[in-house]
Amino acid sequence: MTVIDIPGSKSVTARALFLAAAAEGTTSLLRPLVSDDTEGFAEGLTALGHAVRREPDAWHIEGRPAGPGADTAEVYCRDGATTARFLPTLAAAGHGTYRFDASAQMRRRPLAPLTEALRTLGVDLRHGEREGHHPLAVHAHGVKGGALTLDAGQSSQYLTALLMLGPLTAEGLDITVTDLVSEPYVEITLAMMRSFGAEIRQEGRTYRVAPTGYRARTYGIEPDASTASYFFAAAALEPGRSVTVPGLGTGALQGDLGFVDVLRRMGADVEITDTGTTVRSTGTLRGLTVNMRDISDTMPTLAAIAPFADGPVRIEDVANTRVKECDRLDACAENLRRLGVTVRTGPDWIEIHPGTPTGPAEIATHGDHRIVMSFAVTGLRTPGITFDDPGCVKKTFPDFHRVFDTFVRTP
């Protein structure tokens, strides 16, 4: 059995950085993810006037409950969706003029439901070029609060950003959601907010957030469940293999750990304990139809091993994967077809038929870290797979190729 230490969760690290920056006092984050996304978030906080001190296994953030310390700031969000959506929302609670921009990839990704909601709350927010996209400027004068209706059917990050803003408003915030994707990520948000002192009540599809502010604390970051999915999938694929990921167990916050339930349905042996999760191959992968709306970041992982199943694998309700770092649904289909696999797609589904992928072939990554890491698993059984941009894994796991290679070479 191989034990893999997975880096900290990107989702948890980003939320923790927001909450720490907004809290009264200095927060220490233990074992945060160090990647392009999280470093970009930390640099954004520094530009906004927050003191951030980084040590190898801990980041210390000086909270500013009244908002950013800088009166003006230029923030570059890189490729990070959490940075690009959370930081303008945090800045809105302060007083000053803050301008945000992002990479070409991130500029293409939508912001409109979030920025329209902020305008409903009275935030003076202006898009610099295309409405509903970066770049944007926030002319902040605090947020009174109130009630709003939100469509979070494209991204749960819109709801997360507004929920985290709630305790910083003068009167609190009531958010009624008409549609919601990736709901487990919202559960992460609520649990973390409460651990920093927030009070939230949920009544049906309405979230009521009290204007409590936040309290600083020491907070440990759990391993990234989305990143773990590549190692779990590899263990399920390779006969005789098993892998244990410590720190991701029954108390884990991240819904993406639910990916192992998909592997269990396909025939893998899965054990989840208080201290970690183990996946073992049984030598069989069964085809299935699965709704992955709530764990859509792991859709490419499943697509990458689907050809090795004994029947078709149909993944449904994943329309939101079309507006990620790339159109992941089409990217998976394109690359599987390049490997000779029969694939059908629709607006929100992909169906992959059994077949032996054949190389050599260069995977078109579209600059998306999850396409690289997923098809690295396909490469376990398909010699000759290469990537046109292997380095884009720096977004969430800069050391992925070395760690994955070590895993492959370990009996």
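The structure we're discussing is the one just above.
Quick caveat, the model's predicted, so the values are computed rather than measured.

**Comments concerning the overall build of the protein**
In step 1: The number of helices and strands found in the protein is 13 helices and 24 strands.
In step 2: Its C-alpha radius of gyration of 21 Å places the protein within 12% of the 22 Å reference for a compact globule of 411 residues.
In step 3: Expressed as lengths along the three principal axes of its C-alpha atoms, the size of the protein is roughly 60 × 40 × 40 Å.
In step 4: Long-range pairs, those at least 24 residues apart, make up 72% of the contacts in the protein with a sequence separation of at least 6.
In step 5: When the accessible surface of the protein is split by element, carbon and sulfur atoms take 47% of a total near 14600 Å².

**With respect to the sheet that holds strand β4 (residues 52-55)**
In step 1: With respect to topology, four strands assemble into an open sheet ordered β4-β5-β3-β15, the strand pairing being mixed. Edge strands, defined here as strands with exactly one partner in the open sheet, are β4 and β15 (218-220). Within the sheet, the average angular offset between the axes of one strand and its neighbour, ignoring direction, is 15°.
In step 2: Bridge count between β4 and strand β5 (residues 58-62): four bridges; the pairing is antiparallel. From the neighbouring strand, R54 faces β5, where its bridge partner is W59.
In step 3: The sheet strands contacting helix α1 (residues 10-22) are β3 (26-30), β5 and β15, and the helix crosses β5 at an angle near 30°.
In step 4: In the packing of helix α2 (residues 36-47) onto the sheet, contacts are made with β4 and β5, and the angle to β4 comes to roughly 145°.

**Some thoughts on helix α8 (residues 225-237)**
In step 1: Between its first and last C-alpha atoms α8 spans 18 Å; for 13 residues at 1.5 Å apiece the expected length is 18 Å, and the two agree.
In step 2: The element α8 is extensively covered by neighbouring structure, given that 13 of its 13 residues are classed as buried.
In step 3: The distance from a side-chain oxygen at the start of α8 to the backbone nitrogen of S226 is 2.9 Å, and the residue carrying that oxygen is D224.

**Brief notes about the pattern of salt bridges**
In step 1: Under the defined criterion, the tally for this structure stands at 33 salt bridges.
In step 2: With a closest N to O distance of 3.4 Å, E325 and K395 form a salt bridge. Here K395 lies in the loop between β24 (385-387) and α13 (400-409) and E325 lies in the loop between β20 (313-316) and α11 (328-338), a separation of 70 residues in the sequence.
In step 3: A residue is classified by how much of its surface remains accessible, and E325, at 6% relative accessible area, is buried.
In step 4: Relative accessible area serves as the criterion here: at 4%, K395 is assigned to the buried category.

Here is what the cut-offs are and how they apply
Residues numbered from 1 in each chain as written. Predicted model: local features only at pLDDT ≥ 70, side-chain atom pairs only at ≥ 80, totals over all residues. Heavy atoms only, no water. Helix = DSSP H or I, 4+ residues; strand = E, 2+ residues; numbered from the N terminus. Rg over C-alpha atoms; globule rule 2.2 N^0.38 Å. Contact = heavy atoms within 4.5 Å. Areas by Shrake-Rupley, 256 points an atom, 1.4 Å probe, with all protein chains shown as cover. Pairing = 2+ DSSP bridges. Axes fitted to C-alpha atoms, helices over the stretch in contact; angles between N-to-C directions. Expected span 1.5 Å × (residues − 1). Buried < 20%, exposed > 50% of the residue type's maximum accessible area, 1.4 Å probe, protein only. Polar contact = N/O pair within 3.5 Å; in protein donor to acceptor, adjacent residues only side chain to side chain. Salt bridge = Lys/Arg side-chain N within 4 Å of Asp/Glu carboxyl O.

Nothing here speaks to function; it is geometry throughout.
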